[in-house]
Amino acid sequence: MTPTRLQRDLYEQLLAELKKSGVTPDKFFKRAAAKGWSAPNSAHPVFDGFDSIILLMTAIELAKDPSFAIRLGRSVDITSYGTLGFALMTCANLRESILLLLRYGKAFSLPHWEAHEHNGGLLLRLGVLSTSPEHIRPVTELCFAQLSVTGSSLYRGQIQGAELQFAFPKPAHSASYKFALNVDVAFDCQYSQLFLPAHALDTPVRTSDPSQYVVFHQQCEEMLRGLGRAEKITSEVRRLLIQSAGQFPSIAGVADSLYVSERTLRRHLSRESNTFRSILEEVRELLACEYLTKTDLAVGEIAHLLEYSETVNFRRAFLRWRGMTPSAYRKQTRP
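Residues numbered from 1 in each chain as written. Predicted model: local features only at pLDDT ≥ 70, side-chain atom pairs only at ≥ 80, totals over all residues. Heavy atoms only, no water.

(A) How the structure looks around the pattern of salt bridges. One pass over the structure, following the stated rule, counts 18 salt bridges. A salt bridge links Glu281 to Arg284; the nearest nitrogen and oxygen atoms lie 3.7 Å apart. Placement of both Glu281 and Arg284 in helix H13 (residues 276-294) is noted, with a separation of 3 residues, approximately one turn of the helix. (Salt bridge = Lys/Arg side-chain N within 4 Å of Asp/Glu carboxyl O. Helix = DSSP H or I, 4+ residues; strand = E, 2+ residues; numbered from the N terminus.)

(B) Spatial organisation of the packing of aromatic side chains. For the structure shown, the criterion picks out 14 aromatic pairs. Relative to Phe144, the ring of Trp113 lies with its centre 5.1 Å away and its plane at 85 degrees, an arrangement referred to as edge-to-face. A residue pair is termed long-range when its members are at least 10 positions apart, and Trp113 in strand E1 (residues 113-118) and Phe144 in helix H7 (residues 133-154) qualify at 31 residues. Judged on exposure class, the residue Trp113 and its partner Phe144 are both buried. The interplanar angle of 45 degrees and the centroid separation of 5.6 Å between the aromatic rings of Tyr308 and Phe314 together place this pair among those described as tilted. Accessibility classification places Tyr308 together with Phe314 in one group, the buried group. Taken together, the ring pairs connect Trp113, Phe144, Phe166, Phe168, Tyr177 and Phe187 into an aromatic cluster. Taking the ring centre of Tyr191 as reference, the NZ or CZ of Arg125 above it sits at 3.7 Å. The positively charged end of Arg284 is found above the aromatic ring belonging to Tyr308, 4.2 Å away from the centroid. (Phe/Tyr/Trp six-rings, centres within 6.5 Å; stacked < 30°, edge-to-face > 60°. Buried < 20%, exposed > 50% of the residue type's maximum accessible area, 1.4 Å probe, protein only. Lys NZ or Arg CZ within 6 Å of the ring centre and 35° of its normal.)

(C) Just the pairing of E1, in detail. As paired strands, E1 and strand E2 (residues 121-126) are joined by 6 bridges and run antiparallel to one another. Directly across from Trp113, in E2, lies its bridge partner Leu126. (Pairing = 2+ DSSP bridges.)

(D) Broad picture of helix H1 (residues 5-20). Counted at 1.5 Å a residue, the expected span for H1 with its 16 residues is 22 Å, and the 23 Å between its end C-alpha atoms agrees. Taken residue by residue, H1 has Leu6, Gln7, Leu10, Tyr11, Leu14, Leu15, Glu17 and Leu18 as its buried positions. Of the residues flanking the end of H1, it is Gly22, one or two places downstream, whose phi is positive at about 80 degrees. (Expected span 1.5 Å × (residues − 1).)

What follows is the structure, encoded as structure tokens:
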């Protein structure tokens, strides 16, 4: 799998945090290689898999800072999540952003999170970590520090009633937890999880944008589907078109983005029993349905976003797709 931006950013930030502690890259690389780091000679190393644990534990040792994992987690902001980060920032509220995180985290190499209802609220639980006991605390700290930074990007201030619960004893550096994670903290719990009371789930996301949410949500969906899809070129073309909603590129522009000739792109699509025109129509239909269902945009505004020169042309296309007008579809699909 192609490394994600988050994996690259975590690696770069790890080196930056080590530099603040006076540790040179050369010293770090040698120590990590001696511990079994498998990519010391890679031109583009990333923070991934078991190597990431070796890198993290080596950094903690050399920096002589037990809270290093928290520092590292807080050094990478929500934009490092790429498309998912922008999708989270356009959600309506905290509940919607959590659902998004749970569904698409895998596609962006995020930790595995589970949601459980509790006392009317929600427990966001860190999935079982397949690592040795001595690694669990720093890896958990890293995951929750990242989650804390993500939350800070979505809403302002502290959420009353929220609590972080950790499944390990209180460490010597516990004073850094409350300051860095901005919620009440408890230790020696059954699970490592974040409790959010019911009222917190309706906390508005300060950068909410319904029309942009539709686009970013569909990009995430395409990336999730692409994890197991055989039709790789079709998937890439669809992703690029969704990403460019409101300014769709021509087939020549898409070919340039994929570093192939237009002729080669057409040939690959043909092998996957597809055409550029049919994918564009599919994307337009998909986004039209999402805009009608999830936003209050006028039909004319949606037609403009989908690059129809006249609203009547959009209505005709939608009638062909769904057998009804856009207004009828909106009325049928919205409560």
